[in-house]
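Report on the structure
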Amino acid sequence: MNWQEFMARTLEECGDFAKEVPDLIGAYEQMGKVAKADGALSQKTKEFMALGIAIATRCDSCIGFHVQALVRLKTTREEFCEGLAMATYMGGGPSYAFSAKALKAYDVFSK
């Protein structure tokens, strides 16, 4: 998978949909801002939680978005792999495969 091309296409498709339902997407984006804000849990912790859910549900675009966020939050490769280990432990074989995809995305977006 070419992560750069995949995410560019995903953003374009999401943008097209957002034009059709702007009120819904505006509300969704506001909910995301509230949910991701630093509080008792850091943004990084919350993004790791989101990545684990993305891996468990096998959502490539979700993996891409949350990996990009973790890179932006300066997550080290060691931290990232520990998070993937937990996702793999909790999700078994399918999560193993999607954790491997997430690691590839991390390597691409970290460059």
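Below, the structure is looked at part by part. (Residues numbered from 1 in each chain as written. Predicted model: local features only at pLDDT ≥ 70, side-chain atom pairs only at ≥ 80, totals over all residues. Heavy atoms only, no water.)

1. Things to note about the overall build of the chain
Looking only at helices and strands, one finds 5 helices and 0 strands in the chain. Reading the helices (α) and strands (β) of the chain from amino to carboxyl end gives α-α-α-α-α. Over its C-alpha atoms the chain spans a radius of gyration of 14 Å, differing by no more than 12% from the 13 Å that the globule rule assigns to 111 residues. Dimensions of the chain along its principal axes, counting C-alpha atoms only, are 40 × 35 × 25 Å. Counting across all 111 residues of the chain, residues that qualify as buried make up 29%. When the accessible surface of the chain is totalled, it reaches about 7200 Å², and 60% of it is carbon and sulfur. In the chain, which carries 13 positive and 14 negative side-chain charges, the distance between the mean positions of the two groups comes to 4 Å. (Helix = DSSP H or I, 4+ residues; strand = E, 2+ residues; numbered from the N terminus. Rg over C-alpha atoms; globule rule 2.2 N^0.38 Å. Buried < 20%, exposed > 50% of the residue type's maximum accessible area, 1.4 Å probe, protein only. Areas by Shrake-Rupley, 256 points an atom, 1.4 Å probe, with all protein chains shown as cover. Lys, Arg positive; Asp, Glu negative; His and termini not counted. Charge placed at Lys NZ, Arg CZ, Asp CG, Glu CD.)

2. Notes on the pattern of salt bridges
A side chain of one charge can pair with a side chain of the opposite charge when the charged atoms of the two come close. Applying the stated rule across the entire model yields 3 salt bridges. For Lys-44, the salt bridge identified is with Glu-79, shortest N-O distance 3.1 Å. Separated by 35 residues along the polypeptide, Lys-44 in helix H3 (residues 43-57) and Glu-79 in helix H5 (residues 77-109) bring together distant segments of the chain. The exposure class of Glu-79 is partly exposed, given its relative accessible area of 32%. Its salt-bridge partner being Asp-107, residue Arg-77 comes within 2.9 Å of it at the nearest N-O pair. (Salt bridge = Lys/Arg side-chain N within 4 Å of Asp/Glu carboxyl O.)

3. Observations concerning the layout of surface pockets
The space that makes up the largest pocket amounts to roughly 770 Å³. Lining the largest pocket are 21 residues, with Tyr-28, Glu-29, Lys-36, Phe-65 and His-66 sitting closest to its centre. Considering only residue class, the lining of the largest pocket consists of 12 nonpolar, 3 polar and 6 charged. Reported here for the second largest pocket is a volume of approximately 170 Å³. As for the second largest pocket, its lining consists of Phe-48, Met-49, Leu-51, Gly-52, Ile-53, Gly-83, Met-86, Ala-87 and Met-90. Those elements giving two or more residues to the lining of the second largest pocket turn out to be H3 and H5. (1 Å grid on protein atoms, 1.4 Å probe; cavity = no way out; pocket = protein on both sides within 12 Å on 5 of 7 lines; lining within 4 Å. Points joined across faces, edges and corners; volume = space filled by probe spheres on them. Nonpolar A, V, L, I, M, F, W, Y, C, P; charged D, E, K, R; others polar.)

4. Some points on a nonpolar patch on the surface
Taken together, Met-86, Tyr-89 and Met-90 make up a surface patch of nonpolar side chains, about 410 Å² in accessible area. For Met-90, a relative accessible area of 61% puts it in the exposed group. (Patch = residues over 30% accessible without salt bridge, like charges linked within 9 Å, V, L, I, M, F, W, Y side chains within 5 Å.)

5. Quick word on unusual backbone geometry
Negative phi is the rule for most residues except glycine; trans is the rule for most peptide bonds. In the Ramachandran plot, Arg-58 falls in the positive-phi region, its phi being about 60 degrees despite a non-glycine side chain. Following the sequence through the fold, Arg-58 ends up in the loop between H3 and helix H4 (60-72). Even without glycine at this site, Lys-74 takes up a positive phi of about 65 degrees. One can find Lys-74 in the loop between H4 and H5.

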